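Architecture and fold: a report
One-letter residues, chain by chain:
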Amino acid sequence: MNTSTSAQTAWLAAMCTEAALVAVERAIEEAGTIDEYSADRLRLALRSNLEPAVGEVLEKMSVPEIALQPIVHLEGRTVIGYEALARFGGGNDTATAFRRAAERGLQVEVEVAALRAALARLPDLPPTVFLGVNLSAEALLDQRVTELLTGADMSRLVVEMTQQAELGDVARIKQCFRALQAEGAVFCLDGAGVGFLTAARIVELEPEMVKISRSIISGCLEDPAKQSIIREMVSVARRIGALSVAIGVEVVEERDLLLGFGLDAVQGHLFGTPSIDVRDAILPAPTVQPVPAG
């Protein structure tokens with residue numbers, strides 16, 4: 001087992017152990033029949049035995065499953081690509097899993113494992129579509145990520161940078177993306193319109209695809225402020241020649257609104273849920289209906 005897999009297994013084992021300890025502590029509190037000394041001894045015994053045992057089980061589960069969700073072009077009414085979404089053992093929430101990995105200093109290791117698993121799905125896809133892979137700015141600058149990406153068919157990859165915090169070395173990030181673009185990859189900013197991924201930052205980084213944050217799309221039908229942000233993101237994308245994509249489109253009314261704003265493509269449960277099986281994720285073109293004239 002390589003270093004990255006070992007680190008991820010250790011992280012998963014620690015997460016499971018913590019959950020088990022919390023459950024035991026709650027049981028002790030509810031029972032109220034164990035003295036404090038005995039309770040401490042029980043906790044110590046559980047910690048020393050649980051983590052190795054859980055680690056042994058998780059060694060075979062350390063590679064995440066990859067679910068694929070279609071991205072649909074509104075005008076062409078066709079699937080143009082799939083986003084690779086990591087799913088960890090036990091059905092752990094993906095965002096929580098990555099957050100806990102970051103808390104333990106293992107974020108990049110887990111991202112590397114997820115990227116490796118995602119790239120393995122590329123041969124499963126139709127040759128006419130792309131595969132979108134998610135990476136933080138920190139992971140993008142990691143040599144292991146560079147090696148994995150350059151070893152893949154980058155002409156079929158969209159590298160989606162996700163970022164909740166302010167970027168560090170912007171010049172180095174741009175240099176990294178220009179190198180990937182030179183090999184055929186498409187640069188995407190994921191979560192635009194929220195936090196630090198402002199219009200100014202988008203113009204500065206010059207991506208070829210702009211994904212508007214799910215938090216903005218959700219509730220946009222009743223929120224003029226969110227609609228204004230969507231228009232701004234679409235306008236910025238057009239200005240730099242990028243494809244605009246909305247994440248989390250759930251209902252027909254949202255689709256119609258976004259089409260009216262000139263958005264290029266959409267992703268969400270209305271068009272296809274994430275699926276391990278590519279055949280389940282492929283969306284028939286007639287499912288996407290054009291907006292009636294008038």
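Above: the structure in question.
Residues numbered from 1 in each chain as written. Predicted model: local features only at pLDDT ≥ 70, side-chain atom pairs only at ≥ 80, totals over all residues. Heavy atoms only, no water.

**Here we look at the pairing of strand 5 (residues 186-192)**
Looking along a regular strand, one sees the side chains alternate between the two faces of the sheet. The following threshold applies: Partly exposed residues are those whose accessible area sits between 20% and 50% of the maximum for their type, while under 20% is buried and over 50% is exposed, using a 1.4 Å probe and protein chains only. Numbering of helices and strands runs from the N terminus, with a helix taken as a DSSP run of H or I at least four residues long and a strand as a DSSP run of E at least two residues long. Pairing between two strands is assigned when DSSP locates at least 2 bridges connecting them.
Summarising burial for strand 5: six of the seven residues are buried, a large majority. Here strand 4 (residues 157-162) pairs with strand 5 via five bridges, running parallel. Directly across from Glu160, in strand 5, lies its bridge partner Cys188. Bridge count for strand 5 against strand 6 (residues 209-212) is four bridges, and the pairing is parallel. Bridge assignment links Leu189 to a residue of strand 6, and that residue is Val210.

**Side note on the side chain of Arg156**
Heads up, the condition is: A positive count includes Lys and Arg, and a negative count includes Asp and Glu. His and the chain ends are not counted in either. Salt bridges are identified by distance alone: a Lys or Arg side-chain nitrogen within 4 Å of an Asp or Glu carboxyl oxygen. Contacts described as polar in this section are N or O atom pairs within 3.5 Å, which, within protein, must combine one atom able to donate a hydrogen with one able to accept it, while residues neighboring in sequence count only if both atoms come from side chains. Throughout, a residue-residue contact means that at least one pair of heavy atoms, one from each residue, lies within 4.5 Å.
Relative to the assigned elements, Arg156 resides in the loop between helix 6 (143-150) and strand 4. The side chain of Arg156 is buried and forms no salt bridge, while Asp153, the nearest opposite charge, is found at 4.9 Å. Within the structure, Arg156 has its side chain in polar contact with the backbone oxygen of Val129 (distance 3.4 Å). Each residue touching Arg156, except ones within four places of it in the same chain, is listed here: Leu122, Leu125, Pro126, Pro127, Val129, Phe130 and Leu131.

**Notes on the packing of aromatic side chains**
Where we set the bar: Two rings belonging to Phe, Tyr or Trp (six-membered ring only in the last case) form a pair when the distance between their centres is within 6.5 Å. Interplanar angles under 30 degrees mark stacking, angles over 60 mark edge-to-face geometry, and anything in between is tilted.
Taken as a whole and assessed by the stated rule, the structure comprises one aromatic pair. Where Phe177 meets Phe187, the ring centres are 3.3 Å apart and the plane angle is 20°; that geometry is what we call stacked. Of the two residues, Phe177 is situated in helix 7 (residues 170-182) and Phe187 in strand 5; the sequence distance between them amounts to ten residues. Residue class for Phe177 comes out buried when judged on its relative accessible area of 1%. A relative accessible area of 1% places Phe187 in the buried class.

**Quick notes on helix 7**
Going by this rule: Take the number of residues in a helix, subtract one, and multiply by 1.5 Å to get its expected span. The arc refers to the directions leading from the helix axis to the C-beta atoms.
End to end, helix 7 covers 18 Å across 13 residues, agreeing with the expected 18 Å (1.5 Å per residue, within 8%). All of the buried residues along helix 7 are Val170, Ile173, Cys176, Phe177, Leu180 and Gln181. Projected down its long axis, helix 7 carries its buried residues within an arc of 135°, all on one side. Those residues of helix 7 that are exposed and aimed more than 90 degrees away from the buried face are Ala171, Gln175 and Ala182. Two residues or fewer past helix 7, Gly184 is found with a positive phi of approximately 110°.

**A short note on the sheet that holds strand 5**
Stated formally: An axis is simply a line fitted to the C-alpha atoms; with a helix, the fit covers only the stretch in contact. Between two such axes, the angle follows the N-to-C directions and lies from 0 to 180 degrees.
Sheet architecture is closed into a barrel: eight strands sit in the order 1-2-3-4-5-6-7-8, paired in mixed fashion. Within the sheet, the average angular offset between the axes of one strand and its neighbour, ignoring direction, is 30°. As paired elements, strand 2 (residues 78-87) and strand 3 (residues 130-136) share three bridges and run parallel to each other. In the strand pairing of strand 3, Glu83 is matched with Gly132.

**Some thoughts on unusual backbone geometry**
Of all residues except glycine, most have a negative phi; of all peptide bonds, most are trans. Located in the positive-phi region is Glu206, a residue other than glycine, with phi close to 55°. Considering the arrangement of structural elements, one finds Glu206 in the loop between helix 8 (199-205) and strand 6. Taking relative accessible area as the criterion, Glu206 reaches 45% and is therefore assigned partly exposed.

**Concerning helix 3 (residues 94-103)**
Of all the residues in helix 3, the buried ones are Thr94, Ala97 and Ala101. Viewed end-on, helix 3 has its buried residues packed into an arc of 60°, placing them on one side of the element. Away from the buried face of helix 3 by more than 90 degrees, exposed residues Ala95 and Glu103 are located. Looking one or two residues past helix 3, Gly105 carries a phi angle of roughly 75°, positive in sign.

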